[in-house]
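Close look at the chain arrangement
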Amino acid sequence: MKEELKSSSFALRRLGEIEGESYFTPQFMNAALDTARFHAASAGATFKTLVGAVILDSIAKSSQDPNRGNIKSPTEIAENNTLPQISAVAGNEDEIATFYKTHIREQFAKGRSALICVPTTENGNALFEKISKGLEDKVFIFNGEIKKKEIIKNWRMAADPKHTVAVISTGAFLCLHRRDWGAVIVADEGSTHWISVGRPRIDFRQFARCLAARNFCELILCGFVLSAKTYSGVQSEEIAKRNPFRFRYQNGVAVEIWDMKKNKTQKKSAPFKVIGDELEKSIRDTWSSKGNMFILTARKGSFPYTICRDCGRPVLCGKCSSQLVLYSGVKEKDRRYVCHRCGSIYDTKLRCRTCNSWNLVPLGIGALRVAESIKGLMPELPVFVLDADTAPTKSKARKIIKDFFSSPGSVLVGTKAACAYIDRPLDYSAVASIDSLFSIPNYGINEEIFRTIFNLKELAEKKFIIQTRNPDSVAIKHAISGNAADFMSEELKFRKQFKYPPYFTLIKISFKHKSESAAKSAVEKASTMFNPDRAVVYKSFIGYIKGFHIYNALLKIPAVNWPDDRFVAILKSFPPSFNIEINPENIA
Ligand SMILES: [Zn+2]
Ligand SMILES: [Zn+2]
């Protein structure tokens, strides 16, 4: 807590210095303040999230506004400008790349530059490769993985007001000093990777929106499947459709649904099949045709949960009460239970905490269990596993992907984290297990499941296979048929009915304390400060972690009323021991 205070006052001091030097444009500074207000976060901390350390230390300090003395204030700009309507583009990778290329050239012809915001380094690199051909000296890329020296060199060229540029950048480099932005483009707008890591939790798409508004330039939201928020904007005609705008995709690939309820093994004594018949057929064909295949699982480890056969309760971690994951090793002595939340490890002599029974049944389909089952079926087939265990770093993940694609006739098994690295089509793509995700306390989980399956199906060239107990769920049904329009309209109805974004803004206030009653009363007191609105107080689903009890208060207010100055002021008055999130990814 102390450290955070220190770092935020540090950022504030820095902010003051920089304002004095006025390296950043007034449009950028105002957009940063708008973003801070939206997230009820301090200006200093928000600024620090939006300006990479390299820029702050090596460029902003030693440079001055290249256009100094020749600038218009935002009010001057406002007087002779109207804000263009926000627009959206939906299409596959190639269609979108074509759109970018055409649009960038249009901006150049008008003497304007284009800023393309990307959620991840992976997105940025793929995009750079697609659109920079023929425009090499005018397209620049920035992200946290590029070496400092190169960033500094490219930054100066990209900021040079003598020529127009297109810039592809992740969150911390959107502060590039230019006054000629003609368009701010949000690429892969539906991605789940837009929220900054750490506090405050800033949604960079929100910043892009503010930056476009402050520059009076176009905001264009692009993606294969756009976010539910953008679809609702298109529905209400607040957002204009551009060309291409596709709701349906039919790549003509064969789809096989393996209903795990219907295909349950008849004989009770027969072991449960992790790999259904359809999946097995495709794995065998991958091997014999020297092809490649990706299989998604919802969880890492072997058995994501274990229940007690005597009392029926799940086996929980003694320290943090979350479900334990069983890792089955090759040898019995390697078998162990791991808690993914707090990292505790237990041996397999573990007993049920409720009834002390040793009769525990491991359940669920984790990545490791799928990989082991494939090895059991076909020991000669190379199987790669990509999840948080095998690839704790990006470079490890990229290495696994490289090895996988250079081994014809191999299978990659991975969690959702793996999907971001698969950058080319596959012969087969499949879902071995996804059902456990439906129980995650996140209002957006259906959208996430829909998007994951939709993307995965698009990658397959021969066949897409899905194993599930919920083939008729809205997310799975529409993802398989490639119909974003029907999914989004059902999803948006649900969001409206239960007062979720994009119709309502959620404000989550959390507090943790060693004493449960202290945690509860602190949050209860906080919840009464929004008169006449009142936040709902509940014990966090996480409940108890590392000796702390967590309580939340959740407030829902109509999205049109946000940000509300009175509420922002109240939220900012809370001490930093309260954690505040606007539109949190989950309400647990
Ligand atoms: Zn029990
Ligand atoms: Zn634990």
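Residues numbered from 1 in each chain as written. Chains lettered and ligands numbered in written order. Predicted model: local features only at pLDDT ≥ 70, side-chain atom pairs only at ≥ 80, totals over all residues. Heavy atoms only, no water.

Going by what an unreviewed UniProt entry lists, the protein is known as Primosomal protein N.

It is worth spelling out the domain arrangement of the protein at this point. What the domain assignment reports for the protein is domain 1 (2-245), domain 2 (254-304 + 364-482) and domain 3 (504-582). Both sides together, the interface formed by domain 1 and domain 3 hides about 970 Å², and carbon and sulfur atoms give 57% of it. Among the residues of domain 1 in contact with domain 3, Arg37, Phe38 and Ala40 are the three that bury the most area, contributing 53% of the side total. Where domain 1 packs against domain 3, one counts two salt bridges. The salt bridge involving Glu581 is made with Arg201; its shortest N-O contact spans 3.7 Å. Linking domain 1 with domain 3 are five residue pairs in polar contact (both at pLDDT 80 or more), by the criterion used here. Of all the elements in the fold, those that place two or more residues in the side of domain 1 that touches domain 3 are α1 (2-21) and α2 (26-38). Of the residues in the side of domain 1 that touches domain 3, the class split is four nonpolar, two polar and four charged. (Domains from an automatic or database assignment. Buried area = accessible area lost by both parts, 1.4 Å probe. Salt bridge = Lys/Arg side-chain N within 4 Å of Asp/Glu carboxyl O. Polar contact = N/O pair within 3.5 Å; in protein donor to acceptor, adjacent residues only side chain to side chain. Helix = DSSP H or I, 4+ residues; strand = E, 2+ residues; numbered from the N terminus. Nonpolar A, V, L, I, M, F, W, Y, C, P; charged D, E, K, R; others polar.)

A word on the environment of Leu316. By the element assignment, Leu316 lies in the loop between β10 (305-308) and β11 (325-327). In this structure, the C-alpha to C-alpha distance between Leu316 and Ile374, residues 58 residues apart in sequence, is 29 Å. The contacts of Leu316, once residues within four sequence positions are left out, are Ser321, Ser322, Gln323, Leu324 and Arg353. (Contact = heavy atoms within 4.5 Å.)

Take the layout of surface pockets next. Of the pockets and cavities examined, the second largest pocket occupies roughly 1,600 Å³. Considering the residues around the second largest pocket, the lining is formed by 43 residues, among which Glu93, Asn123, Asp188, Ala420 and Ile422 are closest to the centre. Elements represented by at least two residues in the lining of the second largest pocket include exactly α6 (93-109), α7 (121-131), β6 (218-223), α13 (394-405), α14 (416-419) and α15 (445-459). Tallied by class, residues from the lining of the second largest pocket come to 18 nonpolar, twelve polar and 13 charged. The two domains that each donate at least three residues to the lining of the second largest pocket are domain 1 (2-245) and domain 2 (254-304 + 364-482). (1 Å grid on protein atoms, 1.4 Å probe; cavity = no way out; pocket = protein on both sides within 12 Å on 5 of 7 lines; lining within 4 Å. Points joined across faces, edges and corners; volume = space filled by probe spheres on them.)

Right, let's get into empty space enclosed by the protein. Empty space among the atoms can be located by rolling a probe the size of a water molecule over them. Applying the stated criterion across every chain yields a total of two cavities of 30 Å³ or more. Volume-wise, the largest cavity comes out at about 50 Å³. If you go around the largest cavity, the residues you meet are Phe224, Tyr249, Asn251, Phe454, Lys457, Glu458, Ala479 and Gly482. When residues in the lining of the largest cavity are grouped by element, the largest group, three residues, is from α15.

Below, the discussion takes up the packing of aromatic side chains. Counted by the stated rule, this structure contains 25 aromatic pairs. Pairing Phe28 with Phe207 gives two aromatic rings, centres 5.7 Å apart and planes at 70°, and the pair type is edge-to-face. Taken together, the positions of Phe28 in helix α2 and Phe207 in helix α9 (residues 204-215) put the pair 179 residues apart, joining distant regions of the chain. Geometrically, the ring pair formed by Phe494 and Phe498 is tilted, given 5.2 Å between the ring centres and 45° between the ring planes. For Phe494, a relative accessible area of 31% translates into the label partly exposed. Overall, the relative accessible area of 42% leaves Phe498 in the partly exposed class. Three or more aromatic residues joined by ring pairs form one cluster here, namely Tyr23, Phe24, Phe28, Phe47 and Phe207. Geometry around Phe108 places Lys138 over its ring, the cationic atom sitting 4.2 Å from the centre. Over the ring of Tyr500 we find Lys556; its NZ or CZ atom is 4.3 Å from the centre of that ring. (Phe/Tyr/Trp six-rings, centres within 6.5 Å; stacked < 30°, edge-to-face > 60°. Buried < 20%, exposed > 50% of the residue type's maximum accessible area, 1.4 Å probe, protein only. Lys NZ or Arg CZ within 6 Å of the ring centre and 35° of its normal.)

The protein atoms that coordinate the zinc ion (ligand 1) are Cys308 (SG), Cys311 (SG), Cys352 (SG) and Cys355 (SG), at distances of 2.3 Å. Taken together, the four donor atoms surrounding the zinc ion (ligand 1) define angles of 104 to 118° at the centre, an arrangement classified as tetrahedral. Binding-site remark: the zinc ion (ligand 1) is held by donors from one chain whose sequence spacing is C-x2-C-x40-C-x2-C. Of the two residues, Cys308 is situated in strand β10 and Cys355 in the loop between β13 (345-347) and β14 (360-363); the sequence distance between them amounts to 47 residues. Judged by relative accessible area, Cys308 falls into the buried class, the value being 1%. (Donors = N, O, S within 2.8 Å, 3.2 Å for Na, K, Ca; no water. Tetrahedral: all angles 85-135°; square planar, octahedral: opposite > 155°, others 65-115°.)

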